[in-house]
Amino acid sequence: MKISYNWVRDIAPVDWSPEEMAHRLTLAGTACETVIDLSARFAKMVVGRVESCVAIEKSDHLRHASVSIDKESAGKETLSIICGAPNVAAGQLVAVAQVGAVMPDGMKIERRKMFGIASEGMILSERELELSDEHEGIIVLPENLEVGAPLATVFGVDDYTLEFELTPNRPDSMCAIGIARDVAALSGCTMNRPEISLTESSEKSSDIIQVEIEDTEFCPRYAARVIRGVKVGPSPAWLRDRLVASGQSSINNVVDVTNYVMLEFGQPLHAFDLSRFDSGKVVVKRAKAKEKFVTLDEIEREVDESVLMITNGSDYLAAGGVMGGLNSSITDDTTDVLLEAAYFDPSSIRKSKRTLGLSTDSSARFERGIDPNITIIAIDRAAQLLAEVAGGEPLAGVVDNYPKPIEPLLVDLRPERCHQILGVEVKRPEIEKILSGLELGIANPGAKTEAISVKVPTFRPDITREIDLIEEVTRILGFDNIPTTKGYLAATDNRKTEAVEIQDDLVSTLWQTLLGVGFNEICGSGLADGRLLELIDPGEPQIVVANPISDEFGSMRNSLAYSLLNAARVNVTHQTVDLQLFELGNIYAPGIGKKDNVLNADHERMRLGVLVTGQLQPHWKTGRDNLDFYTLKGVIDSLRGEARLAELKLVPAKYPVFQSGQSFELRGGVKKDKVVGRIGNVSSKLLKRFDIKQSVSLMELDIAELSRMIQPGRGYQALSKFPASDRDLSLLLDESVLVGEMLKGVERVGGELVEKAVVFDLFRGKQVPEGKKSVAISVRYRSANKSLESSEVDGLQQKIIVYLKQEFKAEIREK
Amino acid sequence: MSVLSQIESLLAKAGAELQSAASADEVEQVKVRYLGRKGELPGILKGVKDLPVEERKPVGAAANKARVMLDGQVKAKLESFDSSSDADFDYTLPGSPLTVGRPHLLVRTMADIAEIFSRKGFLVANGPEIESDRYNFGALNFPPDHPARDMQDTFYLREANGLPEGLLLRTHTSNVQVRQFESRTPPVKIIAPGKVFRHEAVSSRAYCVFHQVEGFQVGTDITLGDLKGVLLAFCQEYFAENIELRFRPSFFPFTEPSAEVDMSCLLCAGKGCSICKYDGWLEILGCGMIDPNVMSAVGYDPEVLSGYAFGMGVERIAMLKHRITDIRLFYENDLRFLRQF
Ligand SMILES: [Zn+2]
């Protein structure tokens, strides 16, 4: 909301600069974000005389004017300006923006050339200066002005616009008087309210019009006045200046008066052409479903029961509290006016506004809650101003339909409660002084022990409880005056449930391990493109946003593959092609969290996703090594080791995200049959869709499932004092032999003396027959309680060889 | 003792002697003792020709392996005495790439914030991102159909694919407040970091997803002074010791009195610069005393208990601290960005 600084100061006379006023109000919770110097907006703008003006041949409407802006040169030195307005003529005094001037919309005037003619400025219209909506022609200034005079002196706007960012709980501050009230409370000055004096004719408003309200819940109060003999025309300068300084453009004197009073008292008013009420009555009632109504902005809107209509009994003339109708608006021919000042119920206005798809200055005030008892003052004030600026004659009296008056509230404030909340004692007289400064009445002044009984005027609908009063005390007192204390150090019992504890520990272990083995963490947004999700996991249910900002953010991700592949795409596009990425984050799908409800999150599960592609950084010692499926298997081993997880088994499974044949479930759990994740090489079709031209391996693991696989500690294991013996074996195997299975077999057959069996070489090629692979393994033997005899080791090794020959048709190449 | 066992024990013995050799000369002596023409290994091998044919081959292989191993050990030991003399030693060759991964800046920022509050005895807790109206709004004193709801543009979820009706994406981590209150007996002291969602057009300054750290404390005598104290302590620990705070009264439905908090500019210390838009202050968080209606909604007695709550935007804090100018960078996951922190 914007309000003129001068206006506020007229009501609350203080000697604060605009900046100081803005600052003090902001620190009292009436946030004034910006101060605009209105004379500055006329910088580099002056009065000019059009010396000559000719049409430009090659253009159908542009003209070339020579304009003098310097009195001394007497028309000899001129600016060359190209102008499109039809009403420019030689001899006129006009408003000229010189090169360097900045228009209110931010446009900067620059030197330009059109049709070979230089343009060194701009001749201005009222709209360009945001003085009014008039844009048909330029402003022609009165003859008595001096050429070269700054425009600021002509428009006389020696004022500042204060721009407020008001919070929704403060409807009282949405007007000059409300702002002035805070200024008075902060400064201690006395407010000067406008004096309202009215000369009414003998004819009565009530002879002309009656008000019927069909829905008094939506419209608790409706007041009307009739003003006859109005001459619609431009507003006087003082009125225009106030409006412009308060961010409103001037339309005509009648509409300007209603806007002025709204900005002054916070009461939205509406002016109808009285001729539309030949029925003699205003009927306020709800619309019916699917009806049409054309608002003042010439848009046809569909209305329904949520919209309250102001009617003459048959025709809809305004959408109450939101916007007038085109059919009843003030025109140049209007002579008699019906003024409306009403109070509409805030939440009903919100629904109505939503139906209409329309937010106006008026609805913004009603939906926050205006003062239901300012009605008569505001309508009288408007009648007075209409008489002053439009020559209108107010009829006697107001037709006021207000069946159930809304009364001020009594709210108790205990000074000791205030002390308890703030942590500092504010003495009773000081509290009373602050509240009175805000025009909150003290019903029991001077009482000693009982609570302060505060009579809350109806312009403060936000104050209904003791805490609301404490807030008022705090903001006027200032947060700065409350000393900092250290109650935050008080101890509390911070127990976690066991499930939360286990999960938190697991997540932290996984996170540290992945960082330690060189993986970079990414963070996906959670919102995802449903079409891509469908490509990754066809047919899997998605959670869909009902009001998305775009398709790209239309669903919730149901896999981490989505975020990882997106991150891979971004990096590969920027030539970062070697990637080790992970994310620990939530996926979302209907009902997936119900079973493991650690966080009461029914539709979320936490997952770990890991992606690799490209190569490890090449090095002269180790050469090049791919980041691939086997890197992920290594990650699983590291994670299992660090988090003490039970074994995870790979079982072939069909996931469309993976290349068939390179796609596996990860199974584990007590019976080793629970699917706890998936691993594989991403399908080439999907890679193409993500613009990735290199192979990518990916796995996802479910955190809740993993947390159930944590094995209890085994306790301390004694360290063997005896040496180990290593035996290597070089084998020739069929391609079909699964080496991992074979190693497990070796460890099993070798028994407890086999500490470990590892593969240290694998190759295919010239020396290896077609369909075979050469595999070298090393077996380490060790006993916990003696030195192993060579013969004993040889015996075991022989047993293993026999096993390999029988079970895997292995040929032993070399012992 | 079989020949193979002899070789094995010879290796162990030679290894131990090399280990304890104190000079290049001693190493040479060990080498001669075991590998020399009249050394122990050739000595053992002399007997091989007497073995049955099928046993000769493995013994030969083992002996060979032992020689290679010992040679290597000798060489390594000699290098350990005098590496500079070795002409093929190039100390400028790059070291092994033992790369360590980086945490995402947002995760690290949340962890850093959590760490400071943990030191002050706050428990770190989480809550769901998909929420009901009650936990995101209702129990936090947002009346239905109130303009306060416009302050937080909300993503609503479609009742589809088995998802029940009436769910939304949480707009703040304040839902954790309600959930923790419901499951705990005061006094409580908790911080809740996490992801939140707002229906906002994406630009360099705003994103439809961001992270928040919510903190709150409830007890029998928790005051606004304590709130000021905890925030000042946090900002001074996290940013810099000379930080000052400014409280601007504001409005949040779930706290009263409420305030927005500005911190003196990190760069210019309040003098005014381009970071603080020549204001000297940076908006950093929102806070207030927990509204009695929130207490009542979870069955706490607001006459007996009082408490405060605050919330800060993690992206904003990271952007201020590292002078990042585009919020979208956090979610693009470009490693050139992520690995800077
Ligand atoms: Zn600064």
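Keep in mind the model is a prediction, meaning the values are calculated, not measured.

The rules behind the values
- Residues numbered from 1 in each chain as written.
- Chains lettered and ligands numbered in written order.
- Predicted model: local features only at pLDDT ≥ 70, side-chain atom pairs only at ≥ 80, totals over all residues.
- Heavy atoms only, no water.
- Patch = residues over 30% accessible without salt bridge, like charges linked within 9 Å, V, L, I, M, F, W, Y side chains within 5 Å.
- Areas by Shrake-Rupley, 256 points an atom, 1.4 Å probe, with all protein chains shown as cover.
- Salt bridge = Lys/Arg side-chain N within 4 Å of Asp/Glu carboxyl O.
- Helix = DSSP H or I, 4+ residues; strand = E, 2+ residues; numbered from the N terminus.
- Domains from an automatic or database assignment.
- Donors = N, O, S within 2.8 Å, 3.2 Å for Na, K, Ca; no water.
- Buried < 20%, exposed > 50% of the residue type's maximum accessible area, 1.4 Å probe, protein only.
- Pairing = 2+ DSSP bridges.
- Axes fitted to C-alpha atoms, helices over the stretch in contact; angles between N-to-C directions.
- Contact = heavy atoms within 4.5 Å.
- Parallel < 35°, antiparallel > 145°, perpendicular 65-115°, else oblique.
- Nonpolar A, V, L, I, M, F, W, Y, C, P; charged D, E, K, R; others polar.
- Phe/Tyr/Trp six-rings, centres within 6.5 Å; stacked < 30°, edge-to-face > 60°.
- Buried area = accessible area lost by both parts, 1.4 Å probe.
- Polar contact = N/O pair within 3.5 Å; in protein donor to acceptor, adjacent residues only side chain to side chain.

What follows is about a nonpolar patch on the surface. A grouping of Val-294, Leu-296 and Leu-326 of chain A is seen on the molecular surface, where their side chains present a nonpolar patch of about 200 Å² in accessible area. Locating Val-294 of chain A in the fold gives a position in strand 16 (residues 291-294).

Take the domain arrangement of chain B next. Along its sequence, chain B is carved into domain 1 (3-87) and domain 2 (105-338). The centre of domain 1 of chain B, based on its C-alpha atoms, is set 70 Å off from the matching centre of domain 2 of chain B.

Attention now goes to the coordination of the zinc ion. All names here are of chain B. The zinc ion binds to the protein through Cys-265 (SG), Cys-268 (SG), Cys-273 (SG) and Cys-276 (SG), with metal-donor distances spanning 2.2 to 2.3 Å. Between consecutive donors of the zinc ion, the numbers of intervening residues give the motif C-x2-C-x4-C-x2-C. Owing to a relative accessible area of 11%, Cys-273 belongs among the buried residues under this scheme.

Residue and element names in this part refer to chain A. Taken together, three strands build an open sheet; the order of strands is 1-11-2 and the sheet is antiparallel. Each end of this open sheet is capped by a strand with a single partner; those strands are strand 1 (2-4) and strand 2 (32-37). On average, each strand axis in the sheet is inclined to that of its neighbour by 25°, with strand direction left out of account. Examined bridge by bridge, strand 1 and strand 11 (residues 160-164) share three bridges and lie antiparallel to one another. When the bridges of strand 11 are listed, Lys-2 appears paired with Glu-163. Contacts from helix 2 (residues 18-26) reach strand 2 and strand 11 within the one sheet, and its direction differs from that of strand 2 by about 170°.

Looking now at the packing of helix 12 (residues 428-437) of chain A against helix 13 (residues 466-477) of chain A. Residues and elements named next belong to chain A. Direction vectors running N to C along helix 12 and helix 13 enclose 90°, while the axes themselves pass 10 Å from each other. It follows that helix 12 is roughly perpendicular to helix 13 by the angle criterion. The residues of helix 13 that touch helix 12, namely those facing Glu-430, Ile-431, Ile-434 and Leu-435, are Leu-469, Glu-472, Val-473, Ile-476 and Leu-477. Of the residues assigned to the contact of helix 12 with helix 13, the class counts are seven nonpolar, no polar and two charged.

We now examine the packing of aromatic side chains. Counting across every chain of the model gives 26 aromatic pairs over all chains. Between the aromatic rings of Phe-629 of chain A and Tyr-630 of chain A, the centroid separation amounts to 5.4 Å while the plane-to-plane angle is 85°, which identifies the pairing as edge-to-face. By relative accessible area, Phe-629 of chain A is classed as buried at 11%. By relative accessible area, Tyr-630 of chain A is classed as exposed at 61%. Aromatic pair Phe-181 of chain B and Tyr-300 of chain B: ring centres 5.0 Å apart, planes at 50°, arrangement tilted. One end of the pair, Phe-181 of chain B, is in helix 7 (residues 175-183); the other, Tyr-300 of chain B, is in the loop between helix 9 (292-297) and strand 9 (306-313), with 119 residues separating them in the sequence.

Counting residues at the interface gives 100 residues for chain B and 96 residues for chain A. Between chain B and chain A, a total of about 7,900 Å² is buried, with carbon and sulfur atoms accounting for 57% of that surface. Three residues stand out in chain B for area buried against chain A, namely Asp-145, Pro-249 and Glu-256 of chain B, and they jointly supply 8% of the buried area on that side. Notably, a salt bridge pairs Glu-303 of chain B with Arg-414 of chain A, separated by 2.9 Å at the nearest N-O pair. For the pair chain B and chain A, the interface holds 41 residue pairs in polar contact (both at pLDDT 80 or more). Per-element tally for the side of chain B that touches chain A: the top contributor is helix 8 (residues 224-238) of chain B, with seven residues.

All names here are of chain B. Position of Ile-190 relative to the elements: it lies in strand 4 (residues 188-197). On a C-alpha basis, the gap between Ile-190 and Leu-123 in space is 4.6 Å, while along the polypeptide they are 67 residues apart. If we skip the residues at most four places from it in the chain, Ile-190 touches Phe-122, Leu-123, Ala-125, Gln-180, Arg-184, Glu-214, Gly-215 and Phe-216.

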